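Reading the structure
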Amino acid sequence: MRAAGRVVAEMHQAIRAAAAPGVTTGDLDLVARGVLDLRGAESNFFGYYGYPAVICASVNDEVIHGIPGSRVLEDGDLLSIDCGAIVDGWHGDAAFSMVVGTATDAQLRLISTAEAALAAAIRAMRPGNTLGDIGAAIEGVVSAAGYGSPHNYCGHGIGQDMHEDPDVENRGVPGRGPTLREGVVLAIEPMLIAGGRDDVRELSDGWTVVTTDGSLAAHVEHTVVVGAHGPEILTRL
Ligand code: MF3
Ligand code: CO
């Protein structure tokens, strides 16, 4: 899984470097395909329930599952990229949020809170802690900042499939739920809604999930192992 995670991290790096005003989200999908080809890796997104691309590119009020295409990125767009890779049958999955061009303080605060929620969740990934500890860590950071998080989407176990048990909710009660054991691998993915609501809706394309209040969203994700001596992030260079 380390090899798959490294490919995902390289896809992120290449997309971050390519994302700029005037570039389309479809161009970013091509950049990601280039990294997959270079590394001889396969996409776990393409063809997943018919999904037509190797990345999700969600812009502004789009939370997750935006389909890349002819949309031209503009200065000030908040862009969330989610993508994955398969190497030797093992999966990696990760997401990041960034601002294209000039950012506002509000955008940067939303993104840094998402990153802080993910970091807090990862710190909770120790043998003997529970799934509830992870959810509570995310919820604590998100709600303290006044943001919302959709109820009907969550993180997941990952391994020889992209989505394995258990579901990893972005909320929880400390000490509740199954105990984490060494070697468990989870994809942790906080999704934040700037307006503070907890509901979203899906567009008629059957994929794109947008905030109900039209406010901005951020989405970050890492694939992480519960290691004997602490969590190990696989989708980071
Ligand atoms: N990466 C998403 C997740 O974190 C799944 C994307 S669905 C796809 O679970 F169809 F876009 F692949
Ligand atoms: Co995921």
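Residues numbered from 1 in each chain as written. Chains lettered and ligands numbered in written order. Predicted model: local features only at pLDDT ≥ 70, side-chain atom pairs only at ≥ 80, totals over all residues. Heavy atoms only, no water.

Quick look at the side chain of serine 149 now. Its location among the elements puts serine 149 in the loop between helix H4 (131-144) and strand E5 (155-157). Residue classification places serine 149 among the buried positions, given a relative accessible area of 4%. Among the polar contacts listed, one links the side chain of serine 149 to the backbone oxygen of methionine 191, at a separation of 3.0 Å. Not counting chain neighbours up to four residues away, the residues in contact with serine 149 comprise Val142, Asn170, Arg171, Met191, Arg197 and Asp198. (Helix = DSSP H or I, 4+ residues; strand = E, 2+ residues; numbered from the N terminus. Buried < 20%, exposed > 50% of the residue type's maximum accessible area, 1.4 Å probe, protein only. Polar contact = N/O pair within 3.5 Å; in protein donor to acceptor, adjacent residues only side chain to side chain. Contact = heavy atoms within 4.5 Å.)

The next thing to look at is the coordination of the cobalt ion (ligand 2). The expected angle between donors at a tetrahedral four-coordinate metal is 109.5 degrees. At an octahedral six-coordinate metal it is 90 or 180 degrees. The protein atoms that coordinate the cobalt ion (ligand 2) are Asp93 (OD), His156 (NE2), Glu189 (OE) and Glu221 (OE), at distances of 2.1 to 2.2 Å. For the cobalt ion (ligand 2), the six donor atoms in the first shell make angles of 46 to 173° at the metal, a pattern classed as irregular. One chain supplies every donor for the cobalt ion (ligand 2), spaced along it as D-x62-H-x32-E-x31-E. Of the two residues, aspartate 93 is situated in strand E4 (residues 90-99) and glutamate 221 in the loop between strand E11 (217-219) and strand E12 (222-227); the sequence distance between them amounts to 128 residues. (Donors = N, O, S within 2.8 Å, 3.2 Å for Na, K, Ca; no water. Tetrahedral: all angles 85-135°; square planar, octahedral: opposite > 155°, others 65-115°.)

Geometric values such as these leave the question of function open.
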